[in-house]
Amino acid sequence: AKRFVGHFVYQIGIYLSIIVPCVVFSCILDRWTFNQWTVDQWNFIKFNFLFGGSGVYGVQPWHWYLSQGFTAMLLTQTPLVIIFIVMYFIFGPRLMRNLIIRKKTDYSKNSSNHLLSDPCGLCIVVIGWTVFWYSLLPHKEFRFIFPLIPLANYFAGIISVWFIRNGFRLHFPKSQHTRRQCLIWFIISTHIPLALYVCLVHQRGGLDAIKFLNQQMKNKLENEIAVVNLMPCHTVPSIGYLHRNISFKQLSCDPDLTKLALGNYRHIDEADLFYENPRLWLENYYLSLATEANINYFVPYFSQVVNTQKSQTNLMIFSCRKA
């Protein structure tokens, strides 16, 4: 226990020697930029953890990363990662040497005290630490845990090598070459089709809408066209995908940080206001466009917005043509 505490203190010292200079430099840079002392790291913690501000963009259950996040990204490698972590805690840090080098090891001398000193153990700690804190946030996304995927792939690779060499002691198939080929083709056959589907088919409506707009704008000058996207923010790519210097209006979903810091309240962004009363929002927005002439407006929107009331469709078409 004494050795473990000493090593733990040593690790904390290393981390602090990196964290403290970075935070100090960040504060000095923010002071020079904003002309006042600002601690971005504290603002991040206050906004996300204390006030739950990230919940504005959607709320997922606490187990989302474990039940959906990792499993969706690792897919068939998930069982391999779980097997490695379980075996690591059972047999200790010398597990990898026995699996890869095939050297007999006395596991009775292993101890969890070596968890932070062993590379694999440290990787497990990093994964657990990151998933734990991100799970406390109400809003969760795949991209938040992308840095952990290479570590998980490393664990899956170790178990894969063990399977190729030992075949889980099932002796089927008997040849290492055959086991290697089976494993490779299994991973390819399960990952490549899903990757193609996600990249080419899944939720491609936003890209198709922008491609259609780009085709409609081919013969028009940039100062004669504008886009009013009546969809929630981040639904479709904007100027970065169109590559045209035009006005591109989107329904904003920026949280009100001033009100958020004052306490609990129901945040209503522009997208919420539009979907609560599309006709009223269109009428008010049309008044702001009345002074602009010779502008062709393209308006992408969801069909269900106007399916209930045809007058909203007429108002939308009239606004686009008249303005």
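Cut-off values and rules
- Residues numbered from 1 in each chain as written.
- Predicted model: local features only at pLDDT ≥ 70, side-chain atom pairs only at ≥ 80, totals over all residues.
- Heavy atoms only, no water.
- UniProt positions renumbered as here; feature names shortened; annotations may be inferred.
- Helix = DSSP H or I, 4+ residues; strand = E, 2+ residues; numbered from the N terminus.
- Expected span 1.5 Å × (residues − 1).
- Buried < 20%, exposed > 50% of the residue type's maximum accessible area, 1.4 Å probe, protein only.
- Contact = heavy atoms within 4.5 Å.
- Axes fitted to C-alpha atoms, helices over the stretch in contact; angles between N-to-C directions.
- Parallel < 35°, antiparallel > 145°, perpendicular 65-115°, else oblique.
- Left-handed = near helix turned anticlockwise from the far one by under 90°.
- Core = buried A, V, L, I, M, F, W, Y, C linked by side-chain atoms within 4.5 Å.
- Nonpolar A, V, L, I, M, F, W, Y, C, P; charged D, E, K, R; others polar.
- Pairing = 2+ DSSP bridges.
- Salt bridge = Lys/Arg side-chain N within 4 Å of Asp/Glu carboxyl O.
- 1 Å grid on protein atoms, 1.4 Å probe; cavity = no way out; pocket = protein on both sides within 12 Å on 5 of 7 lines; lining within 4 Å.
- Points joined across faces, edges and corners; volume = space filled by probe spheres on them.

Per an unreviewed UniProt entry, the recorded name for the chain is Mannosyltransferase, and the organism is Schistosoma japonicum. Per UniProt, the chain carries the Subcellular location (unreviewed entry) text "Endoplasmic reticulum membrane". Under Sequence similarities (unreviewed entry), UniProt gives the following word-for-word description of the chain: "Belongs to the glycosyltransferase 22 family."

Visitor: Any details on helix α8 (residues 176-200)? Residues and values, ideally.
Guide: Over its 25 residues, α8 runs 36 Å from end to end, which matches the ideal 36 Å to within 8%, given 1.5 Å per residue. Buried within α8 we find Arg179, Leu183 and His191. In this structure, the buried side of α8 is in contact with α3 (64-74) and α7 (149-166).

Visitor: Please give an account of the packing of helix α4 (residues 78-91) against helix α6 (residues 119-135) that cites residues and values.
Guide: Taken N-terminus to C-terminus, the directions of α4 and α6 make an angle of 120°; their axes are 11 Å apart at the nearest point. Put simply, α4 runs oblique to α6. When you trace α4 past α6, the crossing you get is left-handed. Contacts between α4 and α6 involve Phe84, Ile85, Tyr88 and Phe89 on the former and, on the latter, Cys120, Gly121 and Ile124.

Visitor: If you had to explain the nonpolar core to someone new, which residues and values would you point to?
Guide: Within the largest apolar cluster, 23 residues are counted, with the highest numbers of intra-cluster contacts made by Phe70, Phe84 and Phe155. When contributions to this core are tallied by element, the ones reaching two or more residues are α3, α4, α6 and α7. Top contributing element to this core by residue count: α7, with seven residues. If we skip the residues at most four places from it in the chain, phenylalanine 70 touches Tyr65, Leu75, Thr78, Ile127, Val131, Ile145, Leu148 and Ile149.

Visitor: Provide a residue-level description of the packing of α3 against α7, including the pertinent values.
Guide: The geometry of α3 relative to α7 is characterised by a closest axis approach of 11 Å and an angle of 65° between their N-to-C directions. Crossing hand, α3 versus α7: right-handed. Where α3 abuts α7, its residues Phe70, Met73 and Leu74 lie against Ile149, Ala152 and Asn153. A class-by-class count of the residues in the contact of α3 with α7 yields five nonpolar, one polar and no charged.

Visitor: Give me the lowdown on the sheet that holds strand β3 (residues 296-298), citing residues and values where you can.
Guide: Spatially, β2-β1-β3 is the arrangement adopted by the three strands of the open sheet, whose pairing is parallel. With partners counted over all chains shown, the strands left at the sheet margins are β2 (247-250) and β3, one partner each. The sheet shows a mean angle of 20° between the axes of neighbouring strands, direction not considered. Bridge count between strand β1 (residues 225-229) and β2: four bridges; the pairing is parallel.

Visitor: I'd love a proper account of the pattern of salt bridges, names of residues and values included.
Guide: Tallied over the full model, the rule gives three salt bridges. Glutamate 270 serves as the salt-bridge partner of lysine 249, at 3.0 Å between the closest nitrogen and oxygen. One end of the pair, lysine 249, is in strand β2; the other, glutamate 270, is in helix α12 (residues 270-276), with 21 residues separating them in the sequence. Given the relative accessible area of 18%, glutamate 270 is considered buried.

Visitor: Describe the layout of surface pockets, listing the residues and the values that go with them.
Guide: Here the largest pocket defines a volume of roughly 760 Å³. Around the largest pocket sit 18 residues that line it, and Tyr15, Ile19, Trp129, Thr130 and Trp133 are the ones nearest its centre. If you list the elements that add at least two residues to the lining of the largest pocket, you get α1 (2-34), α2 (40-50) and α6. Looking at side-chain class alone, the lining of the largest pocket contains 15 nonpolar, three polar and no charged residues.

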